[in-house]
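Structure assessment
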Amino acid sequence: MTRNTTRRQLGTGSCRTGNPIDDCWRCDPDWESNRKVLADCAIGFGRNAVGGRDGENLRRTLRYGVVQDEPLWIIFDHDMVINLEQELVMNSYKTIDGRGHNVQISNGPCIAIQNVSNIIIHNIYIHDCVPAGNALVRNSPELVGMRGKSDGDGISIFASRDLWIDHCTLASCSDGLIDAVIGSTAITISNNYMLHHNEVMLMGHSDDYVDDKNMQVTIAFNFFGEGLVQRMPRCRHGYFHIVNNVYAGWEMYAIGGSANPTINSQGNVFIAADNDRTKEVTKRETTAENSEWKSWNWRSDRDLMLNGAFFTPSGQDSASSYSKASSMVARQLPC
């Protein structure tokens, strides 16, 4: 696997793609001077994430930028591979914008978004993240605090809101690629390429943590690629709009959950692997004798099922039952 096959590069063809995020900014030939237009391009439940739009552009070390108190739009002037010794703990109102360069965070602890809001992470290759912690870590200009041991997520989201993760590549981390827990909400995960990983995304802390019942997450225009096993995502409680993604196979299941999440799957392409035992898209994490899952609102609306893929719906099918799990209009798939 080379970086050229896994990184998202700016296109050289027609600027109009039908993707509302890309069409919002890519057609500007002077986009590099107008980077902050990106903050007005978000869709879904994370559409109010402004990141560092109202601050200055910053070219300094990444850790210096993310811990500052004021809004900042962090950019890069060359390709780089960042190997962190401890988690990158972010402060509110920050954008990490890797457009125009190959910026990787890898082979160390990665990104922690905890008790903050208004974060945009765009065009970063995050891979081979590992646990760290039990160490002093800076999380503001003045404060260095003791961090417990991390799980080794690519991006760990804890008690945070108004977040947008777009056009990143994520692979091969010790725990999740993106995990969101403890009341996190107003999140959009879009246009990302995920590959070579087991437990891809966890949404919701535990079945008993009922504060996650207000979680709202949009998962849109992502490509779930080779070598993925499960949790694309795995949801607890909350409301999840899974829209216009491509799933190129899964080794166990694609979309799963427990504790009565509402799952609104619209306009996705599900391509099952050749293994006859892994054709089902969905999995309910519940005991065999427990039939309460039949009342959970899970629907497949205008999804394309290929190579024998199938989605097991449950609960209500009326549009009103999915109002809190509807965040954008699904793009019509070609016939």
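Summary of the structure given here. (Residues numbered from 1 in each chain as written. Predicted model: local features only at pLDDT ≥ 70, side-chain atom pairs only at ≥ 80, totals over all residues. Heavy atoms only, no water.)

Okay, the pattern of salt bridges next. In total, this model carries twelve salt bridges according to the counting rule given. Ionic pairing is found between Arg231 and Glu199, a salt bridge with its closest N-O pair at 3.7 Å. Placement of Arg231 in the loop between strand 22 (228-230) and strand 23 (234-236) and of Glu199 in strand 18 (residues 197-199) is noted, with a sequence separation of 32 residues between them. According to the relative accessible area criterion, Arg231 is buried, its value standing at 18%. Overall, Glu199 belongs to the partly exposed group, its relative accessible area being 24%. The network of salt bridges with common partners includes Glu32, Arg35, Asp97 and Arg99. (Salt bridge = Lys/Arg side-chain N within 4 Å of Asp/Glu carboxyl O. Helix = DSSP H or I, 4+ residues; strand = E, 2+ residues; numbered from the N terminus. Buried < 20%, exposed > 50% of the residue type's maximum accessible area, 1.4 Å probe, protein only.)

What follows covers the packing of aromatic side chains. Tallied over the full model, the rule gives six aromatic pairs. Where Trp25 meets Trp31, the ring centres are 5.6 Å apart and the plane angle is 65°; that geometry is what we call edge-to-face. The same class applies to Trp25 as to Trp31, namely buried. Between Trp250 and Phe270 the ring centres are 6.3 Å apart and the planes differ by 85°, which places this aromatic pair in the edge-to-face class. (Phe/Tyr/Trp six-rings, centres within 6.5 Å; stacked < 30°, edge-to-face > 60°.)

As a further point, take the side chain of Asn244. Mapping Asn244 onto the fold places it in the loop between strand 24 (239-243) and strand 25 (246-247). The class for Asn244 is buried, based on a relative accessible area of 7%. With residues up to four places along the chain from it excluded, the contact list for Asn244 reads Ala220, Phe221, Asn222, Gln266, Gly267, Asn268, Ala330 and Arg331. (Contact = heavy atoms within 4.5 Å.)

Attention now moves to the pairing of strand 26 (residues 255-258). Of the two faces of strand 26, both are covered, the one formed by Ile255 and Gly257 as well as the one formed by Gly256 and Ser258. Sheet topology note: the strand 23/strand 26 ladder contains three bridges and is parallel. When the bridges of strand 26 are listed, Cys235 appears paired with Gly257. (Pairing = 2+ DSSP bridges.)

The nonpolar side chains of soluble globular proteins are, as a tendency, buried together. Formed by 60 residues in total, the largest nonpolar core has its most connected members in Ile113, Ile155, Ile178 and Met194. Contact partners of Ile178, with chain neighbours within four places excluded, come to Ile155, Ile157, Ile165, Leu170, Ile189, Met194, Val200, Met201, Leu202 and Met203. Counting residues in each nonpolar core, the second largest holds 18 residues, with Ile43, Ile120, Val243 and Met328 among its members. (Core = buried A, V, L, I, M, F, W, Y, C linked by side-chain atoms within 4.5 Å.)

So, about unusual backbone geometry. Each neighbour pair has its own omega, and for Met232 with Pro233 the value is 10°, a cis peptide bond. Along the chain, Pro233 turns up in the loop between strand 22 and strand 23. Backbone geometry at Asn123 places phi at a positive 60°, although glycine is not the residue there. Relative to the helices and strands, Asn123 resides in the loop between strand 8 (117-122) and strand 9 (125-129). For Asn123, a relative accessible area of 5% translates into the label buried. Even without being glycine, Asn191 reaches a positive phi, approximately 55°. Within the secondary structure, Asn191 sits in the loop between strand 16 (185-190) and strand 17 (193-195).

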